[in-house]
Amino acid sequence: MKINNVSNLLRKQFPTAVFDILDKSLSVGSFPEWDSLAHFNFLLLVEESYSIRFTLEEISDMKSISDIVETLSNKGISI
Amino acid sequence: MKELRITSSFNILPSSKLWEKLYPYNHIKFGDYGDWISSIFDSDNSQLLWIFFLEDLISTENIPSTNNDKIDELLEKTLSPLVRRLQKSDSETLVAWSSWRSSSIIRLTRSESYWGKLSRNLESKLYKIASEFPSLYLIPLDEMFFKYGSNKCFDARNYYASSCRLSIYGIDVMVDTIQSVLYRIETPPKKVLVLDCDNTLWGGVVGEVGITGIILGNDGIGKSFSDFQRVIKQLSLYGVILTILSKNNEFDVWEVFQNHAGMQINKSDVASWEINWREKSTNIINISKKLNLGLDSFVFWDDNPLEREKMRIALPQVTTIDVPDDTTCWPLLLETLDDFASFSLTSEDLNKSYQYKQYSSFSSELQQVKDELSFLATINLKPVVVNLSNSVLSRAEQLCHKTNQFNLRTIRYSLDSLNNISKNSEYQSFLVGLNDIFGDHGIVGFVIVKKYNEVAFLDTFLISCRVLGRHLENWILSKVIDKLLNIECSFLLAEFIPNNRNAIVESFLLDCGFIPIDEVGIHIQNRLLNAMRLSNKIGKYYYIDLKLAKIPFLEIFKDENK
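Draft legend 1. Main features of the overall build of chain B. The number of helices and strands found in chain B is 22 helices and 18 strands. Dimensions of chain B along its principal axes, counting C-alpha atoms only, are 100 × 55 × 50 Å. Here chain B holds 562 residues, and 54% of them are scored as buried. Of the contacts made within chain B by residues no fewer than 6 positions apart, 73% connect residues no fewer than 24 positions apart.

The structure is reproduced here in structure tokens:
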């Protein structure tokens, strides 16, 4: 199974956290470090990495890796 | 390495990599945003950086209905914890703030805006305090936000998404600004400016075009060279030592200095020079020996990128400025250069501060605060109980999902579950709103209690981080206890489930007199746990005897019952 880029960014955001990088169902709260504040930082990292900007609605709706992948694909970015 | 406590009125994205730029200078400890009051009070032994947006402190709903005296009083009150700290602690205090609010240009054409007046009032108060306390460093962030573009620095979406007033770019600008101040606190300014001549002090090469052919003075590009020299002259008046390092015939250079009308600096302004054809790195060492000053206090300014690169490689301890090719930018660049800037504290300033500490004259008596509690007692904390009705269910849900710090069990209830809880008579649940002189904070607390005969179980107990440090949790707990005594409960059982950030809740329980149930007899343990028919325990259990409970700090609240 291939590691997608969003999961790689998750590793970059949480370098020391314990999680399975292949698990696409990971979401806010899956490990203690990933709380709502850190989640916002993570979304900003995703924005920066893809040079895009999410709307407030998109930010509120994205909770998991698969949500983020889906939002990115709606913006024409395939992972 | 010194500890630097950072506290802020908004989310400054502490976990962002951008803050790592400060790590080499200080041991950084971030507070939670919104807890600036308690951070200012309990950081006397460390350096403190207080970052705020005026909008976060002074609620806009007060404006402009409130009269000037009121606003003045409000500002003084807001700054009083800062003044108390400065009186008590010699550790450096940095205050970084932004008070800018955009307005219609039409409204500003005939009268000063209320907000503008307020922000200038704040600024003058802060500088007045700074003139009395040398350990205070003011960082007017708007200076930098304007320079780099306020539209790029401020970010409304981030504010509504996560209470972060700035964009990543804005955070970057802010961190760089703070870094340069911290750097200057640790490192003295540079002392020596080393200048090239041709195409630096004037346009053209004097050895080729002669004194009449160089570009200097009058208008156009010549004026920009003259202005550059004016800034150099100004620096020398501030005490910067001027030196010249030029590959030229010495005679040609001094002829320009003495006979060209556009020259702003004189030969007598130049402390030392090496005008010859040797390598500049060799020459600069000679100058350093003549002046008896270390190379690390030298700044090298040269239009030639090759000379700059050679200097950087040969002598990295010299600060080589990466000057742009466009020389018209130079006057402003040199003027705003941080390398020579000092905090300009004279012995008179220091003396003044000593007097201040003895006679303390800044605030009126009203604004004198001895400690955190007496300060909190003056800010009119007015909490109010809000029943869990349909109109506030979604706020309750939001609090359950977003609160991490002051959250007893971090149970993320859905709207449906909360709806059921609000209709079930076994539950006691309510929200808490809070108002103080800084404005209406809205609904910021939420409690759910479930009754099992004589035992009540504290199912949810949380407070939004933006009002932490006001002891609101104590008030809420006292309300819970009142309600439970009315319905004949004897004990309140609390289960603390640790998440990454909520250690604060456990210490709160202990401060209020909760007892870990592992530390009491098996008889009472069974009585408590059997009442709930509890089989598997997840977190740590604490209980309190409701009739004996004495909750501290309630005297600071001005709620409806008083």
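Once the structure has been displayed, the description carries forward.
Draft legend 2. Quick peek at the domain arrangement of chain B. In terms of domains, chain B is made up of domain 1 (2-186), domain 2 (192-340) and domain 3 (368-556). Placing the centre of domain 2 of chain B and that of domain 3 of chain B at their C-alpha centroids yields a distance of 68 Å.

Draft legend 3. Spotlight on the packing of helix α3 (residues 68-88) of chain B against helix α5 (residues 114-132) of chain B. All names here are of chain B. Close contact between α3 and α5 brings their axes to 11 Å; oriented N to C, the two are set at 30°. Between α3 and α5, the angle falls in the class roughly parallel. The handedness of the crossing between α3 and α5 is right-handed. Where α3 abuts α5, its residues N68, I71, D72, L75, E76, L79, L82, V83 and L86 lie against Y114, L118, N121, L122, K125, L126 and I129. Here the contact of α3 with α5 is built from residues that sort into eleven nonpolar, two polar and three charged.

Draft legend 4. Representation of the environment of Y183 of chain B within the structure. Along the chain, the position of Y183 of chain B falls in helix α9 (residues 168-186). The spatial distance from the C-alpha of Y183 of chain B to the C-alpha of P24 of chain B is 9.9 Å, given a sequence separation of 159 residues.

Draft legend 5. View of the packing of aromatic side chains. Here the structure, examined in full by the defined rule, presents 28 aromatic pairs over all chains. With a centroid separation of 5.5 Å and an interplanar angle of 40°, the aromatic rings of F31 of chain A and W34 of chain A are classed as tilted. Each member of the pair, F31 of chain A as well as W34 of chain A, carries the same accessibility label: buried. Geometrically, the ring pair formed by W34 of chain A and F42 of chain A is edge-to-face, given 5.8 Å between the ring centres and 85° between the ring planes. By the burial criterion, W34 of chain A is buried, and F42 of chain A matches it. Through pairs of rings, three or more aromatic residues link up here, namely F10, F53, W100, F145, F146 and F154 of chain B. Over the ring of F19 of chain A we find R11 of chain A; its NZ or CZ atom is 4.1 Å from the centre of that ring.

Draft legend 6. Quick look at the layout of surface pockets. Residue and element names in this part refer to chain B. Its volume calculated, the second largest pocket comes out at about 1,400 Å³. Contributions of two or more residues to the lining of the second largest pocket are made by α5, β5 (136-140), α6 (141-148), α9 and α15 (330-335). Counting residues per element, the lining of the second largest pocket draws most heavily on α9, which supplies ten residues. Of the residues belonging to the lining of the second largest pocket, the class tally is 23 nonpolar, five polar and seven charged.

Draft legend 7. Focus on the sheet that holds strand β10 (residues 319-320) of chain B. Residue and element names in this part refer to chain B. Read across the sheet, five strands follow the order β8-β7-β6-β9-β10 without closing on themselves; strand pairing throughout is parallel. Strand pairing shows two members of the sheet lacking a second neighbour, β8 (270-275) and β10, which therefore form its edges. Across four bridges, strand β6 (residues 192-195) lies against strand β9 (residues 298-301) in parallel orientation. Paired with V192 across the bridge in β9 is F298. Docked against the sheet, helix α11 (residues 220-237) engages β6, β7 (241-246) and β9, running at close to 150° with respect to β6.

Criteria and cut-off values
- Residues numbered from 1 in each chain as written.
- Chains lettered and ligands numbered in written order.
- Predicted model: local features only at pLDDT ≥ 70, side-chain atom pairs only at ≥ 80, totals over all residues.
- Heavy atoms only, no water.
- Helix = DSSP H or I, 4+ residues; strand = E, 2+ residues; numbered from the N terminus.
- Buried < 20%, exposed > 50% of the residue type's maximum accessible area, 1.4 Å probe, protein only.
- Contact = heavy atoms within 4.5 Å.
- Domains from an automatic or database assignment.
- Axes fitted to C-alpha atoms, helices over the stretch in contact; angles between N-to-C directions.
- Parallel < 35°, antiparallel > 145°, perpendicular 65-115°, else oblique.
- Left-handed = near helix turned anticlockwise from the far one by under 90°.
- Nonpolar A, V, L, I, M, F, W, Y, C, P; charged D, E, K, R; others polar.
- Phe/Tyr/Trp six-rings, centres within 6.5 Å; stacked < 30°, edge-to-face > 60°.
- Lys NZ or Arg CZ within 6 Å of the ring centre and 35° of its normal.
- 1 Å grid on protein atoms, 1.4 Å probe; cavity = no way out; pocket = protein on both sides within 12 Å on 5 of 7 lines; lining within 4 Å.
- Points joined across faces, edges and corners; volume = space filled by probe spheres on them.
- Pairing = 2+ DSSP bridges.

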